[in-house]
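# A closer look at the structure
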Amino acid sequence: METKAEFMEEQQMFGHPKGLFYLFFAELWERFSFYGMRALLTLYMVNVIFEALAQRDYAAAAVYSSYGSLVYASTVVGGRISDTILGMRKSIFLGGILMALGHFVLAVEHNVAFYLALALIVVGNGFFKPNISTFVGSLYPEGDTRKDSGFVIFYMGINIGGFAAPLLCGWLGSEYGWHYGFGLAGIGMLTGLIFFWSGIRKNVFGDKGMAPSQEILERKVVGVKQKVLVPLLACLAAPVIAILLSSYRPLGEEGSFFGDQNIVNVIFKMVGISILFYMGYIMYKATLDERKKLFMAVLITFFMTIFWGFHELSGSVITLFAERNVNLSIVDAAQTNALNSMYIIILSIPISLLFTYLAKKKLNPRTPYKFGLGLAFAGISFYILALSGGSADENGMVPFSYLLIMYFLISVGELLMSPVGLSKITDLSPKRIVAFMMGVWFLSSAFAFQVVGFIGKQLAVESDDANVGGFESLETYINGFELIAEYALGAALIVLVTAPLMKRLMGNVH
């Protein structure tokens, strides 16, 4: 009879568990579907869904920000359900099926189908995204030094998918129609599920990712087994979320109960206020040392939210800027979304090696300095876009090189901030509330999309002409990019000036 040690030795590939590579390809294709759809989403809303509105940019910004917020917020709920009921395997399958269905529904040209498709992707992502990342960590024994490099490999899969998807889905959408691009995104999701299912069939995951117990799955609630109830409720949640997403109404239009906000914006404001009050209560109860570290955890989360708020403009405002005011000969506007992932792939290893070298020399910057530099790179990247107006031709079009430089700089900023932020939250949080703080960290990406929506509304170009562009839109974008640069650089300055104080608050956490 094969022992567990013999099984583990047999299930190795290139020094890592075989399961890692099945999860690598599953996540690669899932991100292919997600980023392929995202590259087309704002353009599709502006040119099709809200084409008849003078405020089409404004409406698209409202829906895009609400969708992004719910996508990231859903991971908190999906992760909890996985931990307590379904387990990672069943959650990943359920999430993948819902996301694939969402992409295929998005290929149907109808307003009702549009909102339902976004809702299915929101619910599906909540089950898929947090669990596949957790699954990777579960493949390694506690204290295994290979885990960090395993996550580097996994992260590379994310960015390969993020790089290829906008290029292929954008090309299909441009050459043959929006819905072919959305359809390819759906095929990508199904491909990811096939890889995952293949890994299960070959037993490369061993006993990892199973439900907490068969008894929990079979337990009945209101007469229905939980293994049936959870997928049923997930499907029923989609129409509710679709209604939330479609609750936006242009200003002045009958039925605009929340003015220029939809219900999702109101919900997130209430959630944000509740979290702040609860954090205040936790810090009041904490010891002095815990209070210092918790304060730093909150600050890190806050500055990360600001960074993602600027970074995620790539799928909305910057895509519209590329379509209307950038000379594009090699790629189209949707395909420019591939630039960030391209730079992450190119820069990840050199920057990782740089920090390893600096650490050996005892010159590796502490976390506050990395965050300050990351925000500074974000600010400079938007300042580059603001400068592009000086190179505009007679049609209000600027050289593509400005967009290339902008994405390079903001990608460097991402690598300075994102990889260290997550680990520092776990280091700075007391063990009794670390799960709560991780939830707050993931919710920060959801709140970042509220920033995206706010900025998108401010930079909305209103016009009765569906083909708006030229100097009419260029002036709006350039002024907006300059303001964003100032805010980002201001935040960077605050972080860098107060970095010595932050170091003291962090104590021995690097």
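Rules used throughout
- Residues numbered from 1 in each chain as written.
- Predicted model: local features only at pLDDT ≥ 70, side-chain atom pairs only at ≥ 80, totals over all residues.
- Heavy atoms only, no water.
- Helix = DSSP H or I, 4+ residues; strand = E, 2+ residues; numbered from the N terminus.
- Rg over C-alpha atoms; globule rule 2.2 N^0.38 Å.
- Buried < 20%, exposed > 50% of the residue type's maximum accessible area, 1.4 Å probe, protein only.
- Areas by Shrake-Rupley, 256 points an atom, 1.4 Å probe, with all protein chains shown as cover.
- Axes fitted to C-alpha atoms, helices over the stretch in contact; angles between N-to-C directions.
- Parallel < 35°, antiparallel > 145°, perpendicular 65-115°, else oblique.
- Left-handed = near helix turned anticlockwise from the far one by under 90°.
- Contact = heavy atoms within 4.5 Å.
- Nonpolar A, V, L, I, M, F, W, Y, C, P; charged D, E, K, R; others polar.
- Patch = residues over 30% accessible without salt bridge, like charges linked within 9 Å, V, L, I, M, F, W, Y side chains within 5 Å.
- Salt bridge = Lys/Arg side-chain N within 4 Å of Asp/Glu carboxyl O.
- Phe/Tyr/Trp six-rings, centres within 6.5 Å; stacked < 30°, edge-to-face > 60°.
- Lys NZ or Arg CZ within 6 Å of the ring centre and 35° of its normal.

The next point concerns the overall build of the protein. Summing up its helical and strand segments, the protein has 16 helices and four strands in all. Against the 2.2 N^0.38 benchmark of 24 Å for 510 residues, the protein shows a C-alpha radius of gyration of 23 Å, consistent with a compact globule. Counting only C-alpha atoms, the protein reaches 75 × 55 × 45 Å along its principal axes. Of all 510 residues assigned to the protein, the portion counted as buried reaches 56%. Element-wise, carbon and sulfur atoms account for 66% of the exposed surface of the protein, whose accessible area totals about 22500 Å².

Let's shift gears to the packing of helix 10 (residues 288–311) against helix 16 (residues 471–506). Where helix 10 contacts helix 16, the two axes come as close as 11 Å, and the packing angle between them is 160°. Taken together, the axis directions place helix 10 and helix 16 in an arrangement best described as roughly antiparallel. Handedness of the helix 10/helix 16 crossing: left-handed. Here Lys 292, Lys 293, Phe 295, Met 296, Leu 299, Phe 303 and Phe 310 of helix 10 come into contact with helix 16, specifically with Ile 484, Tyr 487, Ala 488, Ala 491, Val 495, Met 502, Leu 505 and Met 506. In terms of residue class, the contact of helix 10 with helix 16 is made up of 13 nonpolar, no polar and two charged.

So, about the environment of Asp 83. Following the sequence through the fold, Asp 83 ends up in helix 3 (residues 56–106). By relative accessible area, which is 53% here, Asp 83 ends up exposed. Here the alpha-carbon distance between Asp 83 and Met 210, two residues 127 residues apart in the chain, equals 9.9 Å.

The next subject is a nonpolar patch on the surface. Taken together, Val 76, Val 77 and Phe 442 make up a surface patch of nonpolar side chains, about 240 Å² in accessible area. Locating Phe 442 in the fold gives a position in helix 15 (residues 434–458). Assessed through its relative accessible area of 40%, Phe 442 is described here as partly exposed.

Under the definition given, this model contains 26 aromatic pairs. An aromatic cluster is present here, built from Tyr 44, Phe 114, Tyr 115, Trp 178 and Phe 182 joined pairwise through their rings. The cationic tip of Arg 31 hangs over the ring face of Phe 34; the distance from NZ or CZ to the ring centre is 4.3 Å.

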